[in-house]
4 protein chains.
Amino acid sequence: MAGINKVILVGNLGKDPEVRHLEGGSSVAHFTLATNDYYKDKSGNRVERTEWHNITAWRGLAEMAEKFLKKGQQIYVEGKLRTRQYQDKDNQTRYITEIVADEISMLGGRPQADGQGSNGQGAEQPVEAQTFRQEPEIDQLPF
Amino acid sequence: MAGINKVILVGNLGKDPEVRHLEGGSSVAHFTLATNDYYKDKSGNRVERTEWHNITAWRGLAEMAEKFLKKGQQIYVEGKLRTRQYQDKDNQTRYITEIVADEISMLGGRPQADGQGSNGQGAEQPVEAQTFRQEPEIDQLPF
Amino acid sequence: MAGINKVILVGNLGKDPEVRHLEGGSSVAHFTLATNDYYKDKSGNRVERTEWHNITAWRGLAEMAEKFLKKGQQIYVEGKLRTRQYQDKDNQTRYITEIVADEISMLGGRPQADGQGSNGQGAEQPVEAQTFRQEPEIDQLPF
Amino acid sequence: MAGINKVILVGNLGKDPEVRHLEGGSSVAHFTLATNDYYKDKSGNRVERTEWHNITAWRGLAEMAEKFLKKGQQIYVEGKLRTRQYQDKDNQTRYITEIVADEISMLGGRPQADGQGSNGQGAEQPVEAQTFRQEPEIDQLPF
DNA sequence: TTTT
DNA sequence: TTTT
């Protein structure tokens with residue numbers, strides 16, 4: 001039986017994406033995303049709780065991440081949960097849960113200034129369509 | 001800035017929920033949920049991939065889980081991601097990512113027969129409303 | 001600014017899908033989906049409320065609907081809201097809001113018996129992958 | 001069988017919310033929300049499509065809308081679909097589909113300046129927790 | 001490690 | 001009627 005595995009996040013990047021360009025032309029990006037929550041504790045004090053998420057983006061979304069996403073920026077991410085196994089430095093099996101992105105949308109109207117000034121045409125320039133999906137296929141288009 | 005942290009799953013319970021009744025009258029349930037995905041590999045063979053999720057349910061949802069949920073049953077779960085830190089048996093810090101449920105709905109029209117026959121009024125009896133929501137507790141409310 | 005327009009439904013088909021095969025080889029299916037809600041009114045009586053949704057599915061999803069979906073069946077639908085304008089019989093402008101499906105998943109483990117007995121290999125036979133997406137593209141695959 | 005009826009939108013308010021304060025102390029807000037989509041047509045031109053949604057918010061969310069939401073502002077809305085019947089001026093039955101909000105979150109870090117200068121303490125002042133959830137009311141609770 |  |  002096929003199931004549903006869907007994650008929807010709105011949060012801020014903890015750091016610039018790290019992008020690797022793989023042999024064969026594919027690429028993959030990793031970054032962390034913070035989602036903040038607020039609640040009142042028993043004494044009525046306002047408490048903030050931050051949850052950190054590991055985001056992985058492949059191919060076109062990785063390239064979009066490399067070009068447009070910066071530390072601090074607020075984005076929408078839709079994807080699926082995936083728990084990977086790996087061996088740590090002591091050769092012990094460890095698990096990490098990631099969100100593999102299917103769609104990323106830049107929020108807030110204006111990308112973060114990148115503060116490095118290296119490129120006047122950089123992340124600050126207007127970005128026309130700020131939602132990116134894993135594949136904009138001709139037959140996915142509305143009409 | 002408050003964010004959004006939402007998970008939506010449709011899958012099958014890997015085992016009966018384990019429920020603990022806490023001092024103070026609260027309770028908490030844990031179970032695993034499998035979501036299955038299918039894809040074709042490069043040779044065109046159909047491959048199944050199962051993702052396992054750790055679900056935690058508190059209070060009313062824990063009691064609902066204890067009463068109505070059984071291994072194998074198909075359910076809808078909505079909740080939020082939370083990564084907890086704990087010390088393993090070698091006193092090393094480990095992380096586990098769970099979905100804290102806000103809403104659970106039983107799918108498929110009819111709960112799984114429980115196969116133990118211990119109770120004629122058990123899980124087999126008709127369950128009228130099969131969606132359960134977590135009453136918002138003091139420690140979940142915003143601001 | 002690109003936005004997000006997403007609908008997630010779990011409900012039962014009100015009737016068999018109506019499918020039209022368009023010139024050019026494309027097809028489109030329409031059906032209604034009921035989602036039921038329960039609440040207690042002020043006197044504490046349990047009240048049921050049914051919401052009816054107009055679902056539209058294109059191309060591959062339309063063909064999947066034609067082959068596999070039957071009145072009464074419980075499904076998961078993910079899609080987007082679209083409000084269309086049309087002229088009614090008195091030539092007045094009317095509006096109808098539909099959900100254009102991006103993904104449909106059959107729930108409950110087993111498709112509804114079709115009740116017509118015309119075909120021993122019909123809807124009753126096991127359906128392997130019961131989630132259908134608008135395009136299973138090679139580069140959408142996991143791993 | 002209880003179902004799932006969920007809508008998730010990220011878009012911009014088409015106008016300031018209209019809020020009515022009902023007898024009995026309750027209140028209700030209405031506003032429209034635009035979600036923008038982009039696609040390439042057959043000639044490869046970039047085309048924008050705007051979908052307009054009717055949002056209704058009750059009680060605490062209505063008050064939040066009145067205080068904090070302004071025309072043009074980008075927000076996240078989660079809610080459920082509801083189609084209402086009404087009689088138009090010619091006494092004909094008409095239908096309107098609305099999204100009844102369960103949660104609203106202000107995006108982009110900074111509410112829109114209101115441009116009227118009527119109130120130095122207005123929408124421009126810092127808003128600490130920018131996610132608001134509907135307290136579950138008696139008429140929304142499951143059984 | 002983000003944001004307000 | 002919004003936004004870029």
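- By the naming in an unreviewed UniProt entry, chain A is Single-stranded DNA-binding protein, taken from Hymenobacter metallicola.

**Here's the deal with the overall build of chain A**
Inference 1: Within chain A one finds one helix and seven strands.
Inference 2: Each helix and strand of chain A, placed in order from N terminus to C terminus, yields the pattern β-β-β-β-α-β-β-β.
Inference 3: Expressed as a percentage of contacts within chain A between residues at least 6 apart in sequence, the contacts between residues at least 24 apart total 59%.

**Remarks on the interface of chain C and chain D**
Inference 1: With 33 residues of chain C in contact, the opposing surface of chain D contributes 35 residues.
Inference 2: Regarding the contact of chain C and chain D, the summed buried area is about 2900 Å², with carbon and sulfur atoms giving 46% of it.
Inference 3: For the interface between chain C and chain D, the tally reads zero salt bridges.
Inference 4: Within the residue set of the side of chain C that touches chain D, elements represented by two or more residues are strand S1 (4-13), strand S3 (27-40), strand S4 (46-58), strand S5 (74-87) and strand S6 (93-106) of chain C.
Inference 5: A total of eight residues in the side of chain C that touches chain D trace back to one element, the largest contributor, which is S1(C).
Inference 6: Per-class residue counts for the side of chain C that touches chain D are 12 nonpolar, 11 polar and 10 charged.

**Some words on the relation of the copies chain C and chain D**
Inference 1: Overlaying chain C on chain D yields an RMSD of 0.1 Å, the required transformation being a rotation through 180° with an accompanying axial translation of 0.0 Å. Taken together, the rotation and translation relating the two chain copies correspond to the operation of a two-fold axis. Relative to the rotation axis, the closest C-alpha in chain C is found at Val7(C), a distance of 2.2 Å.
Inference 2: Mapped onto chain D, 88% of the interface residues of chain C again fall at the interface, so both copies present the same surface.

**Description of unusual backbone geometry**
The phi torsion of most residues other than glycine is negative, and most of the peptide bonds are trans.
Inference 1: Look at Asn91(A): it is not a glycine, yet its phi comes out positive at around 65°.
Inference 2: Mapped onto the elements of the fold, Asn91(A) is located in the loop between strand S5 (74-87) and strand S6 (93-106).

**Side note on the pairing of S5(A)**
Residue and element names in this part refer to chain A.
Inference 1: Of the pairings in the sheet, the one linking strand S1 (residues 4-13) to S5 comprises six bridges and is antiparallel in character. If you follow Asn-12 over to S5, its bridge partner there is Gln-74.
Inference 2: Relative to S6, S5 is paired through 13 bridges, and the arrangement is antiparallel. Following the sheet pairing, Leu-81 is matched in S6 by Ile-99.
Inference 3: Hairpin connection of S5 to S6: five residues between the antiparallel strands, including Asn-91 at a positive phi of 65°.

**Points about the side chain of Thr35(D)**
Inference 1: Relative to the helices and strands, Thr35(D) is located in strand S3 (residues 27-40).
Inference 2: Separated by 2.9 Å, the side chains of Thr35(D) and His53(D) make a polar contact.
Inference 3: For Thr35(D), the contacting residues outside a window of four places in its chain are Ile4(C), Asn5(C), Leu9(D), Val10(D), Gly11(D), Arg49(D), Thr50(D), Glu51(D) and His53(D).

**Overview of helix H1 (residues 59-68) of chain B**
Inference 1: Residues of H1(B) that are buried include every one of Arg59(B), Leu61(B), Ala62(B), Met64(B), Ala65(B) and Phe68(B), and no others.
Inference 2: Those residues of H1(B) hidden inside the fold are in contact with strand S2 (18-21), strand S3 (27-40), strand S4 (46-58), strand S6 (93-106) and strand S7 (131-133) of chain B.

**A look at the environment of Ala65(B)**
Residues and elements named next belong to chain B.
Inference 1: Turning to its location among the elements, Ala-65 is positioned in helix H1.
Inference 2: Overall, Ala-65 belongs to the buried group, its relative accessible area being 0%.
Inference 3: As for Ala-65 and Val-77, which are separated by 12 residues in sequence, their C-alpha atoms are 11 Å apart.

**Quick notes on the confidence of the model for chain A**
When pLDDT is low, close inspection of the predicted coordinates is not appropriate.
All names here are of chain A.
Inference 1: Residues with a pLDDT of 70 or more make up 77% of chain A, whose mean pLDDT is 80.
Inference 2: Looking across chain A, the model is least confident in strand S7 (residues 131-133), with a mean pLDDT of 77, and most confident in S1, with 97.
Inference 3: Contacts of residues 110-129 to residues separated by more than four positions or lying in other chains number 22 contacts, the stretch itself having pLDDT below 50.
Inference 4: Across residues 135-143, confidence stays below pLDDT 50; counting only partners more than four residues off in sequence or on other chains, it has 20 contacts.

**Some details on helix H1 (residues 59-68) of chain A**
Residues and elements named next belong to chain A.
Inference 1: When H1 is considered as a whole, its buried residues turn out to be Leu-61, Ala-62, Met-64, Ala-65 and Phe-68. Burial along H1 is one-sided: seen end-on, the buried residues are contained in an arc of 160°.
Inference 2: Packing partners of the buried residues in H1 comprise strand S2 (18-21), strand S3 (27-40), strand S4 (46-58), S6 and S7.

**Considerations on the environment of Ile4(A)**
Inference 1: With respect to the element layout, Ile4(A) can be found in strand S1.
Inference 2: Overall, Ile4(A) belongs to the buried group, its relative accessible area being 2%.
Inference 3: Expressed as a C-alpha distance, the spacing of Ile4(A) and Lys80(A), which sit 76 residues apart in the sequence, is 8.8 Å.
Inference 4: Beyond its immediate stretch of four places on either side in the chain, Ile4(A) contacts Ile8(B), Leu9(B), Val10(B), Thr35(B), Tyr76(C), Glu103(C) and Ser105(C).

**Regarding the pairing of S4(B)**
All names here are of chain B.
Inference 1: When S3 meets S4, the two strands line up antiparallel, connected through 13 bridges. In the sheet register, Thr-32 faces S4, and the bridge partner there is Asn-54.
Inference 2: Counting the residues in the hairpin turn of S3 and S4 gives five residues, including Gly-44, whose phi is positive at 85°.
Inference 3: Sheet analysis places S4 next to S6, joined by two bridges and oriented parallel. Bridge pairing in S6 links Ile-55 to Ile-99.

**Overview of the pattern of salt bridges**
Inference 1: Taken as a whole and judged by the stated rule, the model has 36 salt bridges over all chains.
Inference 2: The partner of Glu51(A) in a salt bridge is Arg49(A), and the shortest N-O contact between them spans 2.7 Å.
Inference 3: With relative accessibility at 6%, the residue Glu51(A) sits in the buried group.
Inference 4: Note that Arg133(B) is salt-bridged to Glu103(B), the shortest N-O span being 3.8 Å. On the criterion of sequence distance, the pair formed by Arg133(B) in strand S7 and Glu103(B) in strand S6 is long-range, its members being 30 residues apart.
Inference 5: On the basis of relative accessible area, Arg133(B) is assigned to the partly exposed category, the value being 29%.
Inference 6: Each of Lys6(A), Glu78(A), Lys6(C) and Glu78(C) takes part in one network of salt bridges that share partners.

**Side note on the environment of Leu13(C)**
All names here are of chain C.
Inference 1: Tracing the sequence through the fold places Leu-13 in strand S1.
Inference 2: Of the residues examined, Leu-13 reaches a relative accessible area of 4% and is grouped as buried.
Inference 3: Considering only alpha carbons, one finds Leu-13 and Lys-80, 67 residues apart in sequence, at a separation of 18 Å.
Inference 4: For Leu-13, the residues in contact, after removing those within four places along its chain, are Phe-31, Thr-32, Leu-33, Leu-69, Lys-70, Lys-71, Gly-72, Gln-73 and Ile-75.

Reading the values: the criteria
- Residues numbered from 1 in each chain as written.
- Chains lettered and ligands numbered in written order.
- Predicted model: local features only at pLDDT ≥ 70, side-chain atom pairs only at ≥ 80, totals over all residues.
- Heavy atoms only, no water.
- Helix = DSSP H or I, 4+ residues; strand = E, 2+ residues; numbered from the N terminus.
- Contact = heavy atoms within 4.5 Å.
- Buried area = accessible area lost by both parts, 1.4 Å probe.
- Salt bridge = Lys/Arg side-chain N within 4 Å of Asp/Glu carboxyl O.
- Nonpolar A, V, L, I, M, F, W, Y, C, P; charged D, E, K, R; others polar.
- Least-squares fit on C-alpha atoms with pLDDT ≥ 70 in both.
- Pairing = 2+ DSSP bridges.
- Polar contact = N/O pair within 3.5 Å; in protein donor to acceptor, adjacent residues only side chain to side chain.
- Buried < 20%, exposed > 50% of the residue type's maximum accessible area, 1.4 Å probe, protein only.
- pLDDT = per-residue confidence, 0-100.
- Arc of directions from axis to C-beta.

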